[in-house]
Amino acid sequence: MGYDISDYRAIDPQYGTLDDWDNLLKGVHERGMKLMMDLVVNHTSDEHEWFLQSKSSKDDPKRDWYIWRPPKHVNGKRLPPNNWKSVFQGSAWEYDEKTGEYYLHLYVSKQPDLNWDNPVVRDAVWDVMRFWIKRGCDGFRMDVINIISKTQGLPDAPVVDNSQYYQPASMYFANGPRVHEYMKQMHIEVLSHHDLITVGETPFTHDASELAAYVLPQNKELNMVFHFELMDLDSPDYSPLVKKAWKLAELKDVVRRWQQYKREEGFWNAVFIENHDHSRSVSRFGNDSKEWRAISAKMISILEVTQTGTLYVYQGQELGLKNFPRSWGIEEYKDVASQNYWNLIKEQRQKAEGKEDVDMSDLLDNFQHKARDHARTPMQWDSSPNGGFTKGIPWMRANDDYPEWNAAMQIGDEDSVHAFWKRAIGVRKRHDVLVSQAVL
């Protein structure tokens, strides 16, 4: 399972087999741990059999499993059904020549959005969840789950950026009109029958009451959500890839408000400061210089383990892994978000300046601080080639510092970031006040 899922009941051969998954689960359970699956059901891959059938004909039974609309024509020019911008730039619609209609993809064109308004689609999702639960899965992280319900009529988004035709449209797809109906149905049909952990990813949303609706126990939806008010602290409204100055008081205010929010009503926090969609915290919120890196990483550990809620630690965070260096060129940034935004800004500058060779150094400065790519370099296990991650060719090269900053060098070193994290988590486990009793 990934973010372009072509089969919800299989493992991509690049990563193994279902038998391998069963062995992983067995090993996890033997160690007293549990295993969550990433449930990606806002969209599928365009290679999924559901979509292949859907695009085969307007009359196919699965046509309305996805969101198809005819084009609109303005002055004889064919245009997408509305002006919604994809999260990754350009139109959120892709034209299908065979059937003469567009399908909606809020992310990339290889990720067509499912039509959750179709009850048959929802039943299919419940069946996918039951499949993994029966196999032993202990819970789900639900990818962009707050965007499964779109506003009826799919109206044009207001124009807020005059430099582009396509406009951000989250007001018409985030926390949509039927999203809580669907989440409650998920709880009734699936979640209520099992002891599972559930966390929903909820982008485009800072409003506390909006987020609480997914979490408050009386609503019977999810245990918690990943919201992004802290992660958006250093981002301007127009792009998460650009660095904005922030103040410590602002960070403290975000943490304090959420730690105290509706505790008496049972609101539960998901505590995190790193994940696959954000750069490394020691580079972003600390100081990753040689002198201060380990100290900064340990201070971030203290910030995290002393917040109440469920703590999530991203791979490499426990080692104090940092962003790769500014010397890396744009060719090293593999993420579609980085590449598409780079191309957009470059094209705008070329047009404005009337020349091909334009200065993009400021954008590389921003990428070095903010790009998602920094969280996606190979894990630094040891000092062997590729950080010990693979003997093959990785999708990205390992960070330049892997020979001297890796797991093997830190394990057994009582002064390391890794050892500090272990002690800090141990303290957290011994004191309930750090888990469930906000005192800020």
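I will try to describe carefully the structure that is included in this document. (Residues numbered from 1 in each chain as written. Predicted model: local features only at pLDDT ≥ 70, side-chain atom pairs only at ≥ 80, totals over all residues. Heavy atoms only, no water.)

Structural notes on the sheet that holds strand β5 (residues 93-96)
Put simply, the rule reads: Pairing between two strands is assigned when DSSP locates at least 2 bridges connecting them. A run of H or I in DSSP counts as a helix once it spans at least four residues, and a run of E counts as a strand once it spans at least two, with each numbered from the N terminus.
Pairing in this open sheet of 3 strands is antiparallel, and the strands run β2-β6-β5 from one edge to the other. Each having just a single partner strand, β2 (68-69) and β5 make up the two edges of the open sheet. By the bridge criterion, 4 bridges tie β5 to strand β6 (residues 101-104) in an arrangement that is antiparallel. The partner of Tyr95 across the bridge, within β6, is Tyr102.

A short note on the pattern of salt bridges
When the charged atoms of two side chains with opposite charge come close together, those side chains can pair. To keep things clear, this is the line we draw: The rule for a salt bridge is simple: a side-chain nitrogen of Lys or Arg has to be within 4 Å of a carboxyl oxygen of Asp or Glu. When accessible area is computed with a 1.4 Å probe and restricted to protein chains, residues below 20% of their type maximum are described as buried, those above 50% as exposed, and intermediate ones as partly exposed.
Throughout the structure, instances matching the rule amount to 33 salt bridges. A salt bridge links Glu47 to Lys110; the shortest N-O distance between them is 3.1 Å. Here Glu47 is found in the loop between β1 (36-39) and α2 (49-54), whereas its partner Lys110 is found in the loop between β6 and α3 (119-135), with 63 residues between them in sequence. Looking at Lys110, the relative accessible area reads 34%, which means it is partly exposed. The salt bridge involving Glu221 is made with Lys184; its shortest N-O contact spans 2.6 Å. Of this pair, Glu221 sits in the loop between α5 (208-215) and β9 (224-226) while Lys184 is found in helix α4 (residues 179-189), placing the two residues 37 residues apart along the sequence. For Glu221, a relative accessible area of 4% corresponds to the buried category. Residue Lys184 is classed as partly exposed on the basis of its relative accessible area of 33%.

Section: the side chain of Lys370
What counts is decided by this rule: Under this definition, polar contacts are N or O atom pairs within 3.5 Å; protein pairs additionally need one hydrogen-donor-capable and one acceptor-capable atom, and for neighbouring residues in sequence, both atoms have to be side-chain atoms. Pairs of residues are marked as contacts when any of their non-hydrogen atoms sit within 4.5 Å.
Along the chain, the position of Lys370 falls in helix α10 (residues 361-370). Judged by its relative accessible area of 5%, Lys370 is buried. Side-chain polar atoms of Lys370 contact the side chain of Ser235, separated by 2.7 Å. Within the structure, the side chain of Lys370 is placed 3.2 Å from the backbone oxygen of Val242, a separation counted as a polar contact. For Lys370, the contacting residues outside a window of four places in its chain are Asp234, Ser235, Pro240, Leu241, Val242, Lys243, Ser279 and Arg284.

Let's talk about the nonpolar core
Note the cut-off: In this text, buried Ala, Val, Leu, Ile, Met, Phe, Trp, Tyr and Cys residues form a nonpolar core when linked through side-chain atoms within 4.5 Å.
Trp116, Met129, Phe140, Met142, Met183 and Met186 are the most contacted members of the largest nonpolar core, which totals 65 residues. Ranked by residues supplied to this core, first place goes to α3 with 8 residues. With near-sequence residues (within four places) excluded, Met129 lies in contact with Leu39, Phe140, Met142, Met186, Val190 and Leu191.

Let's talk about the sheet that holds strand β7 (residues 139-142)
Which entries qualify depends on this criterion: Only the contacting stretch of a helix is used when fitting its axis, a line to C-alpha atoms as for every element, and angles between N-to-C directions run 0 to 180 degrees.
Strand order in the open sheet formed by 4 strands is β1-β7-β8-β9, and the pairing between neighbours is parallel. Every interior strand has two partners, whereas the edge strands, β1 and β9, have only one. Each neighbouring strand pair of the sheet contributes to a mean axis angle of 25 degrees, computed without reference to strand direction. The sheet contact formed by β1 and β7 spans 4 bridges and is parallel. Within β7, the position partnered with Met36 by the bridge is Gly139. Strands in contact with α3 are β1 and β7; relative to β7, the strand with the most contacts, it is inclined by about 140 degrees.

Quick notes on the packing of aromatic side chains
As a reminder, the rule being used: Side-chain rings of Phe, Tyr and Trp (the six-membered ring for Trp) are treated as a pair once their centres are within 6.5 Å; stacked means planes under 30 degrees apart, edge-to-face means over 60, and tilted covers the remaining angles.
Inspection of the entire model under this criterion finds 28 aromatic pairs. The interplanar angle of 65 degrees and the centroid separation of 5.1 Å between the aromatic rings of Trp21 and Trp132 together place this pair among those described as edge-to-face. Pair noted here: Trp21 is in helix α1 (residues 18-30) and Trp132 is in helix α3, with a separation of 111 residues, a long-range link. For Trp21, a relative accessible area of 7% corresponds to the buried category. A residue is classified by how much of its surface remains accessible, and Trp132, at 0% relative accessible area, is buried. Taken together, a centroid distance of 5.4 Å and an interplanar angle of 85 degrees make the contact between Phe173 and Phe204 edge-to-face.

Observations concerning the environment of Lys290
If you trace the backbone, Lys290 turns up in the loop between α7 (281-284) and α8 (293-305). The exposed category is assigned to Lys290, whose relative accessible area is 86%. Along the backbone, Lys290 and His105 are 185 residues apart, and their C-alpha atoms lie at a distance of 43 Å.

Describing the packing of helix α9 (residues 336-353) against α10
Spelled out, the test is: The cut-offs work like this: below 35 degrees is roughly parallel, past 145 is roughly antiparallel, 65 to 115 is roughly perpendicular, and the gaps in between are oblique. Note: crossing handedness is left-handed where the near helix turns anticlockwise from the far helix by less than a right angle, and right-handed where it turns clockwise.
At a minimum axis distance of 11 Å, the contact between α9 and α10 shows a crossing angle of 160 degrees. The angle between α9 and α10 places the two elements in the roughly antiparallel class. Seen from above, α9 lies across α10 with right-handed handedness. Facing Ser338, Tyr341, Trp342, Ile345 and Arg349 of α9, the residues of α10 in contact are Asp362, Leu363, Leu364 and Phe367.

Structural notes on helix α6 (residues 248-260)
Put simply, the test is: The span one expects for a helix is its residue count, reduced by one, times 1.5 Å. In this description, one arc is meant: the one made by directions from the helix axis to the C-beta atoms.
Helix length check: α6 (13 residues) gives 18 Å between terminal C-alpha atoms against 18 Å at 1.5 Å per residue, within 8%. Those residues of α6 not exposed but buried are Leu251, Val254, Val255, Trp258 and Gln259. Seen end-on, α6 carries its buried residues on one side only, within an arc spanning 120 degrees. A positive phi of about 45 degrees marks Lys262, the residue just after α6.

Describing the packing of α3 against α4
Quick note on the threshold: In this classification, the charged set is Asp, Glu, Lys and Arg, the nonpolar set is Ala, Val, Leu, Ile, Met, Phe, Trp, Tyr, Cys and Pro, and all remaining amino acids, among them Gly, are polar.
Two numbers describe how α3 lies on α4: the axes approach to 11 Å, and their chain directions differ by 45 degrees. By the angle between their axes, α3 is oblique relative to α4. Crossing of α3 over α4 shows right-handed handedness. Across from Arg122, Trp126, Met129 and Arg130 in α3, the residues of α4 making contact are Tyr182, Gln185, Met186 and Glu189. Partitioning the contact of α3 with α4 into residue classes produces 4 nonpolar, 1 polar and 3 charged.

Purely geometric stuff here, so don't read any function into it on its own.
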